[in-house]
Amino acid sequence: MVNRVVLAIALGMFVLVGSTAYAGVDADDLCKEKKAKATGKKAFDILKAFGKNIKKENSTKLLSDISKAQSKFTKGFTKAESTGLCLTSEDSDAIEAKVDSVVINMIGSIAPACGDGILAPGEDCDDGNLLDGDCCDSTCQFEVSGSPCGDGSDTECTDPDTCDGAGTCLDNHATSGAPCGD
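The following refers to the structure shown. What you see is a predicted model, and the numbers here were worked out from it, not measured in a lab.

### Details of the overall build of the protein chain
On a plain count of helices and strands, the protein chain comes out with four helices and two strands. Buried positions account for 29% of the 182 residues belonging to the protein chain. The contacts in the protein chain between residues at least 6 apart in sequence include a share of 36% that link residues at least 24 apart.

Structure, rendered in structure tokens:
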């Protein structure tokens, strides 16, 4: 229930941001309004797609909906800049990166997932990826003590690195007096 309320509030904020009209009738203000609408619409559409598809665990549909939101954003920005009213142009990549960052943070707060870099209940660790071999496995649990990690080197001077069972990769050096080549 709380997740639905947070999502509804988040969606409402982006609708408001995307609909904000700028004061005055300045041509650049009209351009800013069109860009703001495209930006708000993208954020809204992605959050809406996430909310719609998360329960169904339908990642194919989610990715399709996100792709459509991306396409609409690009189209809206291109349309705004094609009017010739904009004092600032070719800023869609920078603005889009900021929107994506905000949306990712919101989604992570609404429904944390393994691999998002945010430690959530039920996770021992969350290193921001879904790779094994770094002491935090693909299910965000500590890899067992002695599991190989690091670069896996095994030379005369270094034994393979291993996990300590608590998320740390230990640099294992050969015992004192072991032969070492140059």
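Moving on from the model shown.
### Notes on the state of the cysteines
Taken as a whole and judged by the stated rule, the model has four disulfides. Note on cysteine connectivity: C125 is disulfide-linked to C136, with sulfurs 2.2 Å apart. Its torsion about the S-S bond being 100 degrees, the disulfide of C125 and C136 is classed as right-handed. With C125 in the loop between α4 (92-110) and β1 (162-163) and C136 in the loop between α4 and β1, this residue pair connects regions lying 11 residues apart in the sequence. Note on accessibility: C125 and C136 belong to one class, buried. The partner cysteine of C149 in its disulfide is C169, sulfur to sulfur 2.0 Å. One quick way to see it: the torsion about the S-S bond of C149 and C169 is about 90 degrees, and its sign makes the bridge right-handed. Within this pair, whereas C149 is found in the loop between α4 and β1, its partner C169 is found in strand β2 (residues 169-170), the two being separated by 20 residues in sequence.

### Topic: the nonpolar core
For soluble globular proteins, the rule of thumb is that nonpolar side chains tend to be buried together. Grouped together as the largest cluster of nonpolar side chains are 11 residues: A43, I46, L47, A49, F50, L62, A69, V99, V103, M106 and I107. Counting residues per element, this core draws most heavily on helix α2 (residues 27-54), at five residues. Beyond its immediate chain neighbours, meaning those up to four positions away, V103 contacts A43, I46 and L47.

### Structural notes on the pattern of salt bridges
In total, this model carries eight salt bridges according to the counting rule given. Across the pair K35 and D91 runs a salt bridge, and its minimum N-O distance is 2.8 Å. Of this pair, K35 sits in helix α2 while D91 is found in the loop between α3 (59-82) and α4, placing the two residues 56 residues apart along the sequence. A salt bridge links K42 to E96; the shortest N-O distance between them is 2.7 Å. Of the two residues, K42 is situated in helix α2 and E96 in helix α4; the sequence distance between them amounts to 54 residues. If you follow the salt bridges from partner to partner, you end up with K35, E81 and D91 in one network.

### Digging into the side chain of T39
Considering the arrangement of structural elements, one finds T39 in helix α2. Residue class for T39 comes out buried when judged on its relative accessible area of 15%. Every residue in contact with T39, bar those within four places of it in the chain, is listed here: F73, F77, I95 and V99.

### What about the packing of aromatic side chains?
Within this structure, the stated rule accounts for one aromatic pair. For the pair F73 and F77, a centre-to-centre distance of 4.8 Å together with 40 degrees between the ring planes defines the contact as tilted. On the criterion of helical spacing, the pair formed by F73 and F77 is a turn pair, its members being four residues apart in helix α3. Summarising the burial analysis for this pair, F73 and F77 share the class buried.

### What about unusual backbone geometry?
Generally, phi is negative for residues other than glycine and the peptide bonds are trans, each holding for most cases. One non-glycine residue, E90, adopts positive backbone phi at about 55 degrees. Take E90: it is sitting in the loop between α3 and α4. Residue E90 is classed as exposed on the basis of its relative accessible area, which comes to 73%. In this structure, C135 is a non-glycine residue whose phi angle is positive, near 80 degrees. For C135, a relative accessible area of 0% corresponds to the buried category.

Cut-offs applied
Residues numbered from 1 in each chain as written. Predicted model: local features only at pLDDT ≥ 70, side-chain atom pairs only at ≥ 80, totals over all residues. Heavy atoms only, no water. Helix = DSSP H or I, 4+ residues; strand = E, 2+ residues; numbered from the N terminus. Buried < 20%, exposed > 50% of the residue type's maximum accessible area, 1.4 Å probe, protein only. Contact = heavy atoms within 4.5 Å. Disulfide = S-S within 2.5 Å. Core = buried A, V, L, I, M, F, W, Y, C linked by side-chain atoms within 4.5 Å. Salt bridge = Lys/Arg side-chain N within 4 Å of Asp/Glu carboxyl O. Phe/Tyr/Trp six-rings, centres within 6.5 Å; stacked < 30°, edge-to-face > 60°.

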